[in-house]
Amino acid sequence: MIEYALNFGFVCVSLALLMNLWRLTMGPTTADRILAVDTMAINAIALLVMYGIAKGTAMYFEGALLFAMFGFVSTVAYCKFILRGDIIE
Amino acid sequence: MPFVVELIISLLIVIGGLFLLVGSFGMLKLRDLLPRLHAPTKASTVGVGGVLIASMLYFWVERGHFTIHELLITLFIFLTAPITANLIAKAYMLLNVDPHSDLPPSKQNEGWATFDPVGPEGYDPSEEYQEKEN
């Protein structure tokens, strides 16, 4: 039963990533694009974790952790750059 | 693996996937950035939390020993999602919102706090730069 649930989850997350990609390319403002990238990072974490369950290995968990950290850091860095014109003052 | 555990893991994965889909669809569908912020920051956080708890349960039952490192990602996302949303909203307001025509008056001298260069106790950072130049 877990295989069917995982297939359903893969389809859901792939559609979500496509929607994020649409917002990333079409987004009218810069903030829309930052939001799209941030959501893409969260969806990629879910995709990696589900792939780890499907393969039965916990190795992909480290990749998910890296995605969580770098997604947050990159979003904050881009927002700080827009707000202050500089990242580390 | 017992049937009940399998059912719980499958339900968590399905619910998590649906929440992620709804979050991204909201980001596509809503009309403006400030409404758009609500969809991914809340729904996607719940969705990825469900998937991570499913992964934690699966490896607990599969390997036999309990680890909480999936909860680490959940905790990290729950902590960072509000900060991200706040910073994106501030960046959007700086670029696209005119405080005089788009926002109601705040009855303060400098207007809204996002656009306020002066700190809460009258501290003005620009004075420091002027002193350094002198």
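Because the structure is a prediction, the values reported are computed rather than measured.

Attention shifts here to the overall build of chain B. A tally of regular secondary structure across chain B gives five helices and zero strands. Ordering the α and β elements of chain B from the N terminus gives α-α-α-α-α.

Moving on, we come to helix α4 (residues 69-96) of chain B. The α-helix winds at 3.6 residues per turn, so residues separated by three or four positions along the chain end up facing the same way. Taking 1.5 Å as the rise per residue, α4 of chain B with 28 residues should run 40 Å; its terminal C-alpha atoms sit 40 Å apart, in good agreement. Listing the buried residues of α4 of chain B in full gives Glu70, Ile73, Ile77, Thr80, Thr84, Leu87, Ile88, Ala91, Tyr92 and Met93 of chain B. Buried positions along α4 of chain B lie against α2 (30-55) and α3 (60-84) of chain A together with α2 (33-36) and α3 (38-63) of chain B.

To continue, consider the environment of Ile9 of chain B. When you line up the elements, Ile9 of chain B lands in helix α1 (residues 3-29). When the C-alpha positions of Ile9 of chain B and Ile53 of chain B are compared, they lie 8.3 Å apart, and in sequence the two are 44 residues distant. Not counting residues within four places of it along the chain, the set of residues in contact with Ile9 of chain B comprises Ile2 of chain A together with Ala54, Leu57 and Tyr58 of chain B.

So, about the UniProt feature "transmembrane region" (unreviewed entry) in chain B. The UniProt entry lists residues 7-28, 43-61 and 73-95 of chain B under the feature "transmembrane region" (unreviewed entry), expressed in the numbering used here. Helix makes up 100% of residues 43-61 of chain B and strand makes up 0%, while its end C-alpha atoms are separated by 27 Å.

Turning our eyes to something else, we now look at the interface of chain B and chain A. Each side of the interface is counted separately: chain B has 42 residues, and chain A has 41 residues. Of all the secondary-structure elements, those providing two or more residues to the side of chain B that touches chain A are α1, α2, α3 and α4 of chain B. For the side of chain B that touches chain A, the leading source of residues is α1 of chain B, giving 16 residues. In the side of chain B that touches chain A, the residues fall into 27 nonpolar, 12 polar and three charged.

Before going further, it helps to spend a moment on the UniProt feature "transmembrane region" (unreviewed entry) in chain A. Residues and elements named next belong to chain A. This chain's UniProt record puts "transmembrane region" (unreviewed entry) on residues 6-22, 34-54 and 60-83. As a span, residues 6-22 carries 100% helix and 0% strand, and end to end its C-alpha atoms are 24 Å apart. Secondary structure across residues 34-54 divides into 100% helix and 0% strand, with the first and last C-alpha atoms of the span separated by 30 Å.

On to the packing of α2 of chain A against α3 of chain B, then. For the pair α2 of chain A and α3 of chain B, interaxial distance at closest approach is 9 Å and the crossing angle is 15 degrees. Taken together, the axis directions place α2 of chain A and α3 of chain B in an arrangement best described as roughly parallel. In this structure, α2 of chain A meets α3 of chain B at a crossing whose hand is left-handed. Here Leu35, Thr39, Ile42, Ile45, Ala46, Val49, Met50, Gly52 and Ile53 of chain A of α2 of chain A come into contact with α3 of chain B, specifically with Pro40, Ser44, Gly47, Val48, Val51, Leu52, Ser55 and Tyr58 of chain B. A per-class count over the contact of α2 of chain A with α3 of chain B returns 12 nonpolar, five polar and no charged.

Quick look at the packing of helix α1 (residues 2-26) of chain A against α2 of chain A now. Residue and element names in this part refer to chain A. Where α1 contacts α2, the axes come no closer than 9 Å and their chain directions differ by 160 degrees. Classified by the angle between their axes, α1 and α2 sit roughly antiparallel to one another. As α1 runs across α2, the sense of the crossing is left-handed. Here Leu6, Gly9, Phe10, Val13, Ala16, Leu17, Asn20, Arg23 and Leu24 of α1 come into contact with α2, specifically with Asp32, Arg33, Ala36, Val37, Thr39, Met40, Asn43, Ala46, Leu47, Met50, Ile53 and Ala54. Looking at side-chain class alone, the contact of α1 with α2 contains 14 nonpolar, four polar and three charged residues.

Ile45, Ala46 and Val49 of chain A together with Ile88 of chain B are the most contacted members of the largest nonpolar core, which has 53 residues in total. Looking at this core, the elements with two or more residues in it are α1, α2 and α3 of chain A together with α1, α3 and α4 of chain B. A per-element tally of this core places α2 of chain A first, with 14 residues. Sequence-distant contacts of Ala46 of chain A, that is, excluding residues within four places in its chain, are made with Val13 of chain A together with Gly16, Leu20, Gly47, Val48 and Val51 of chain B.

What counts and what doesn't
- Residues numbered from 1 in each chain as written.
- Chains lettered and ligands numbered in written order.
- Predicted model: local features only at pLDDT ≥ 70, side-chain atom pairs only at ≥ 80, totals over all residues.
- Helix = DSSP H or I, 4+ residues; strand = E, 2+ residues; numbered from the N terminus.
- Expected span 1.5 Å × (residues − 1).
- Buried ≥ 20, exposed ≤ 12 C-beta atoms within 10 Å, placed from the backbone.
- Contact = placed C-beta atoms within 7 Å.
- UniProt positions renumbered as here; feature names shortened; annotations may be inferred.
- Nonpolar A, V, L, I, M, F, W, Y, C, P; charged D, E, K, R; others polar.
- Axes fitted to C-alpha atoms, helices over the stretch in contact; angles between N-to-C directions.
- Parallel < 35°, antiparallel > 145°, perpendicular 65-115°, else oblique.
- Left-handed = near helix turned anticlockwise from the far one by under 90°.
- Core = buried A, V, L, I, M, F, W, Y, C linked by C-beta atoms within 7 Å.

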